[in-house]
Amino acid sequence: MADTGLKETPQTTEAVGGMGHSVKRKEDPRFIRGQGEYIDDLVLPGMLWLDIVRSPYAHATIKGIDASEALKIPGVLAVITGADLEKAGLHWMPTLAGDKQMVLPTDTVMYQSQEVCAVVATSRYIAADGVAAVLVDYEPLPVIVDPFKALEPDAFVLRPDRGPDKANNHIWHWESGDRAATDTAMEASEVRVSEDIYIPRIHVASIETCGCIADWNATRGQMTLHMTSQAPHAIRTVLALVSGLPEQNIRVKTHDIGGGFGGKVPVYPGYVLAVVASLTVGKPVKWIEDRSENLQADSFARDYHIHVELGATKAGKITSLKVKTVADHGYTDAAADPSKFPAGLFNVITGSYDFDNAFVEVDGVYTNKPPGGVAYRCSFRVTEAVHAIERMVDILAHDIGKDPAQLRMENFIQPDQFPYKTPTGWSYDSGDYPRALKKALDMIGYDDLRKEQLEKRAKGELMGIGISSFTEIVGAGPSHDFDILGIKMFDSCEIRVHPTGKVLARIGVQTQGQGHETTFAQIIAEELGFPVADIKIEYGDTDTAPYGLGTYASRSTPVAGAATAIAARKIRDKSRKIAAHLLEASEDDLEWTNGKFSVKGSPDKSKTIQEIAFAAYTNHPAGMEAGLEAVDYYDPPNLTFPFGSYICVVDIDRGTGQVTVRRFVAVDDCGNIINPMIVDGQIHGGLTMGFAPSLYEEISYDELGNNLAGTFMDYLLPTAVETPAWETGKTITPSPHHPIGAKGVGESATVGAPPAIANAVVDALWHLGVRNIDIPMTPQKIWAILNEKGVTA
Amino acid sequence: MWAFVTNPVEAGSCGPGVESVEASDATHFKARAKVGIGFINARFNLDGEMVSVTESEVAEVKAHGQAPGSAVDGTATMRLSDGPDGGTTMNWSADVNISGTLASLGARLIEGTANKMIGQTFVCMKTKLEA
Amino acid sequence: MTTQHIELTVNGEAREADVEPRLLLVHLLRDVFLMTGTHIGCDTSNCGACTVLVDGESAKSCTMLAVSAEGRSIKTIEGMADGANLHALQQAFWDQHGLQCGFCTPGMIMQASWLLARNPDPTDMEIREGIAGNLCRCTGYVNIVKAIEQAATELRAPASTDAPAEPAVAS
Amino acid sequence: MIPAQFDYVRPAALHEALQILVDRQGDAKILSGGYSLLPLLKLRLASPALLVDIRDIDGLDDIVETTNGLRIGGRATHRQIHENPVVIAGYPLLVDAAGGIGDPQVRNWGTIGGSCAHADPSSDWPAVLIATNASIVLHSVSGSRTVPARGFFLDTFQTAIEPTELLTEVIIPRAPRPSGAAYAKLERRAGDFATVGVAAQLSLGADGRISAAGIGLTAVAEAPFAATGAEAALVGHEPNEATFQAAGIAAAAESRPGTDSHGPIEYKRAMVKEMVVRALRSAATRAQAQR
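Nothing here was measured: the structure is a model prediction, and the numbers come from that model.

## Notes on the pattern of salt bridges
Item 1. Counting across every chain of the model gives 92 salt bridges over all chains.
Item 2. Across the pair Asp256(A) and Arg30(A) runs a salt bridge, and its minimum N-O distance is 2.8 Å. Of this pair, Asp256(A) sits in the loop between strand E13 (250-253) and helix H8 (269-281) while Arg30(A) sits in helix H1 (residues 28-32); the two residues are 226 residues apart in sequence, bridging distant segments of the chain.
Item 3. Judged by its relative accessible area of 9%, Asp256(A) falls in the buried class.
Item 4. Residue Arg30(A) is classed as partly exposed on the basis of its relative accessible area, which comes to 23%.
Item 5. Note that Arg43(B) is salt-bridged to Glu19(B), the shortest N-O span being 3.0 Å.

See below:
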């Protein structure tokens, strides 16, 4: 089934535009004209607005809500409270991780800016006035923002609703690997290095915030929910389960999304409130988050406290890895991890290296924060894993005096070892790690840079070079292991070929800007020979698109992309039968080349796919159903394991502690490439979202639980000025199990970049005795180190 | 002086930006205050309580107030003692917590403001007492 | 609620509306005139998604009152193409893959148009500084810079016909 | 985010605006570029009852050089100042500062008068005006008065402007030749408010020593201020590295920073020293070029 031959050069003509062509994006004409259709662009007749009153306290009892002044404002129609929701049993909702989350509190708020009640009004301005007029009486409660304090035996219990047998703040314990064998190997190791690494809480901050319009039509019993969701089908099912509305009468429609990066996977209370409001008032109700709500109350990523120990021989051969982690999930576990993996795929932490013993354990903890551990262009904890292993490998190299590139080369899993079984149970599909690192070293001129670094150091200048050779794990996932709330993580494609040879295909995944309308058309063009221009891709409407789990964790190409190829092949199989009928030849005598079937040995006797499509409706063989369409629900046999080697060069200003990324070379291998231009764009974006938390972004809280980065004045997205001019390169190692040999790529660079940057900064300072610096490596943090070491300008 | 510091209306009116004070009973008061710096401010509804910790020596004012999106909680402790020249000396300490929008969105602007407002409160009390 | 009557020009067309003084220009464009190409990404004038030209000068329309725009000439993304013909910047953003989700794109294009009107031949760093008030979360800016370079070359081309022949610099 | 309701007027002449300030004393707020004011209104951290938009008042954005020095209308935008030929020719400190305020859109609309009247403790212009010993012209219905910049910035968001006054002009005296000045700003990211901003101006005497010095600091106290200790450490000394270091140390000691997301107090003090030294190096180089 799999056709995973190396496709470094396109097999189709440019006019057809199959795999390997940098086809210009089909979705762009509307965006460059300002005709994208984002949620806030949509206006429905009679539409009302919903705005949310939020808690100033991170933990408090609600003693009363006085909405009387708000309701006096002309145009304020209703104020919805937790008590109102409680009557319908809607005050709590399930999270994707099987925990539960408040829609509105009935008695206690759990984090600063939590939703307290909702105001429905005739305009967004009046709704905002209504919010300002609601008086809420709070009794502040003590606050826990530190997960280690939350675990102390005498810590107060944040979630008494879990019952008396869970009278603590510990959510779950998860482990992977062989503890005893790892302990033994670790104790026997000649060299042991350990470090505490904190990966701070960050926020995806897509430039479009979240929002929705809930549109309840009582006569038809129909709920249409227009919303910013990366997973519309899952939302429909959850909504059906929570609301009791029949699933066929719920239509979730996602329009254009202004960036998602995982932040638009969860169900936020605002969506539910809009639904409740529309059910209550019988009119469409729009809810659009503002930026500060987005930065304070949406789900957050990371917040991982990792203790990691690496064992090795004196010569630098890694023998063992042991990891103990505390995961701060805020007041509820709302992560979108597959059910069996509460710590995501964190046990991919053995990385690109060949060794036998690893043990990983993670404990999830509640604190007075909004949900954590969700997503930032990687939801399944791969970023945290890659950061830890790549930092440790660098520390080991420096400790034993070996060049970090050399140490990696000596420990890599070798190309002939694939499929490679890791000590924590993953089976890596394919890889050629030495080739990618070699290419990166060549591109950046590694040896010269090391010479330059020595010269600079002699002059007192601080320059560092950092490497990261990461292994990603994407494409969740095989249904035997992967589900969310029990729904298996397959994905889907349905293709219809019209009589005139034009194609409509619908996919279960939802683009957030990745270019699905183009790349999925290219897969079909590759498989069937229809030009990309003749193929229309639709998604995001649960009434029409086949069921799918949505776009996150780089799963679109590995799962829905495979479904698309397989569905296309089903069409090709039927086309062969039709061609045989038209050509009066045996199916076995036909061969498929360049979008047509021809009789072997008589290339002039042929039928194009367009002719076959027409025949499918006009002249199909007796006994065959008319039409030419197919659907495929693809259950991947394994995940895909993209990888890459990144090298970063930094200069540090001794006077101010400012880090400048001078150069950054990224060599990625995501298997066969559908659209090189789009892959490059994904890598540029991913690198930037790796760069951002390395140096700038952090959501921090004061001891009262106030989020201290509630606007873009304090949450520092990099501008074009700071962002490096990324240099990209590629190697191609196809996935052996994926129908078109492709792997995911969207998250690779976000996963791989931070340790390259951190390694470069530490490399610049290693000679001063610096072993680790937690990200974000802010000027004040670097300066404090320089000051301590006595080397400020 | 003890009477002054434990009188909600007298002492309460010295709170930062207080526009009106109303005693609910002998120890409780409600106030409206415009809290802020320059033209940046929010109107808070405050609930306060005067607590006599040690009669004629230590008094505490606890206040808890809310504005849309923000909350302020503070405790001020006043300690009276005999001064060197026969007068009464007041030592004070205060702790103010700001939560919500003002703390989260105005972090850069709010820094230091709380302490300044507390300082103003006690300057006011001093002025009133000396008047 | 008191309203004020305002008249202004949007993409060359005379428009009028009765607005509350507090109405933001971006909401006038989006909610009153239903021109939704101009987007809102933040509230603090950091992200630039709402960038339009006001009397030729780029402005963040979420940080200007509609009443302050009275009598002025506004240009938005909807006014960039000439019918079927894309503006050179629109074409270049498409050609160079200078957008992904497209949400920052209108503001980015408007800011780039202001930049190129003032500096027809910017360096890489001048482009980056010129769009420092426009945040993009998807592209990493590399292809946006390339797109603006392509458009700059394109837009300079007609002028160079009067000048001595000079080879156009390919981006 | 949506501002609370307010009224809006756009007077056509200065005297109308001034009368409105009298009539609506305490209720009215001047709207100039809006880039400082509108975000605060949207966050509902401020709620004036009336905005007085001064865009239609003629003559508020002139930039002219007179015998007194450079007169800049309060409504002159950062960009107008940045690109003004007179400014470019004679006032490099202003070019430095204007080019680093916010981002291009902010510079297109934000005004020097608005920045100064708003008095954000981290804004750039106040430090420049302090370093250059500029003065600020305030108009009211009863006439005008001129306030030295060194007495103008009273506290966070608080200036010497009375509720009935409007800032119409700043006057920057021309420094005697040879002089040099520079602005050094440390920022986390392009367009951010300064972690610390230093405006430095030096004049050199016939002996080559520093005959006059102005140092204005921003973002490291409740309001921008003159680092008089640093100035004293400069005057009478050779413009060399040791002198600059001494001035930097003095300025750090005078600063009163708070801890925030830009860093702790210790870091900010150290950055005051570092940026004072950097500003002085540039200023001295520029002064030497005038000799």
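From this point, the discussion proceeds with the structure in view.
## Topic: the nonpolar core
Item 1. By size, the foremost hydrophobic cluster in this structure holds 131 residues, and its most contacted members are Phe346(A), Trp426(A), Phe664(A) and Leu765(A).
Item 2. Here this core takes 11 residues from helix H18 (residues 748-765) of chain A, the largest share from any one element.
Item 3. Sequence-distant contacts of Trp426(A), defined by excluding residues within four places in its chain, comprise Phe341(A), Leu345(A), Asn347(A), Val348(A), Tyr420(A), Lys421(A), Ile473(A), Phe482(A), Leu639(A) and Phe641(A).
Item 4. Residues Leu29(C), Val54(C), Cys116(D) and Leu167(D) belong to the second largest nonpolar core, which totals 113 residues.

## A closer look at the sheet that holds strand E31 (residues 659-669) of chain A
Residues and elements named next belong to chain A.
Item 1. Strand order in the open sheet formed by four strands is E20-E30-E31-E32, with mixed pairing between adjacent strands. On the outer flanks of this sheet lie strand E20 (462-471) and strand E32 (727-730), each paired with one strand and no other. This sheet shows a mean twist of 15° between the axes of neighbouring strands, independent of strand direction.
Item 2. With 10 bridges joining them, strand E30 (residues 643-652) and E31 adopt antiparallel strand pairing. Opposite Ile647, over in E31, you have Val665 as the bridge partner.

## Let's talk about the interface of chain A and chain C
Item 1. The interface of chain A with chain C comprises 55 residues on the first partner and 53 residues on the second.
Item 2. Between chain A and chain C lies a buried interface of about 4300 Å² when both sides are counted; carbon and sulfur atoms form 58% of it.
Item 3. Interface area lost by chain A to chain C is led by Ile32(A), Tyr125(A) and Ile207(A), which between them contribute 19%.
Item 4. A salt bridge links Asp129(A) to Arg22(C); the shortest N-O distance between them is 2.6 Å.
Item 5. On the surface where chain A and chain C come into contact, there are 27 residue pairs in polar contact (both at pLDDT 80 or more).
Item 6. Element by element, the count of residues in the side of chain A that touches chain C is highest for helix H17 (residues 676-695) of chain A, at nine residues.

## Some details on the sheet that holds strand E7 (residues 143-148) of chain D
All names here are of chain D.
Item 1. The five strands are arranged E4-E5-E10-E6-E7 in an open sheet whose pairing can be described as antiparallel. One side of each edge strand has no neighbouring strand; the edge strands of this open sheet are strand E4 (63-66) and E7. Averaged over all neighbouring strand pairs, the angle between strand axes comes to 25°, with direction disregarded.
Item 2. Pairing analysis gives five bridges linking strand E6 (residues 135-140) to strand E10 (residues 166-172), with the strands arranged antiparallel. Bridging from a neighbouring strand, Val137 pairs with Glu169 of E10.
Item 3. Along the sheet, helix H1 (residues 14-23) contacts E6 and E10; its crossing angle with E10, the most-contacted strand, is approximately 120°.

Conventions adopted
Residues numbered from 1 in each chain as written. Chains lettered and ligands numbered in written order. Predicted model: local features only at pLDDT ≥ 70, side-chain atom pairs only at ≥ 80, totals over all residues. Heavy atoms only, no water. Salt bridge = Lys/Arg side-chain N within 4 Å of Asp/Glu carboxyl O. Helix = DSSP H or I, 4+ residues; strand = E, 2+ residues; numbered from the N terminus. Buried < 20%, exposed > 50% of the residue type's maximum accessible area, 1.4 Å probe, protein only. Core = buried A, V, L, I, M, F, W, Y, C linked by side-chain atoms within 4.5 Å. Contact = heavy atoms within 4.5 Å. Pairing = 2+ DSSP bridges. Axes fitted to C-alpha atoms, helices over the stretch in contact; angles between N-to-C directions. Buried area = accessible area lost by both parts, 1.4 Å probe. Polar contact = N/O pair within 3.5 Å; in protein donor to acceptor, adjacent residues only side chain to side chain.

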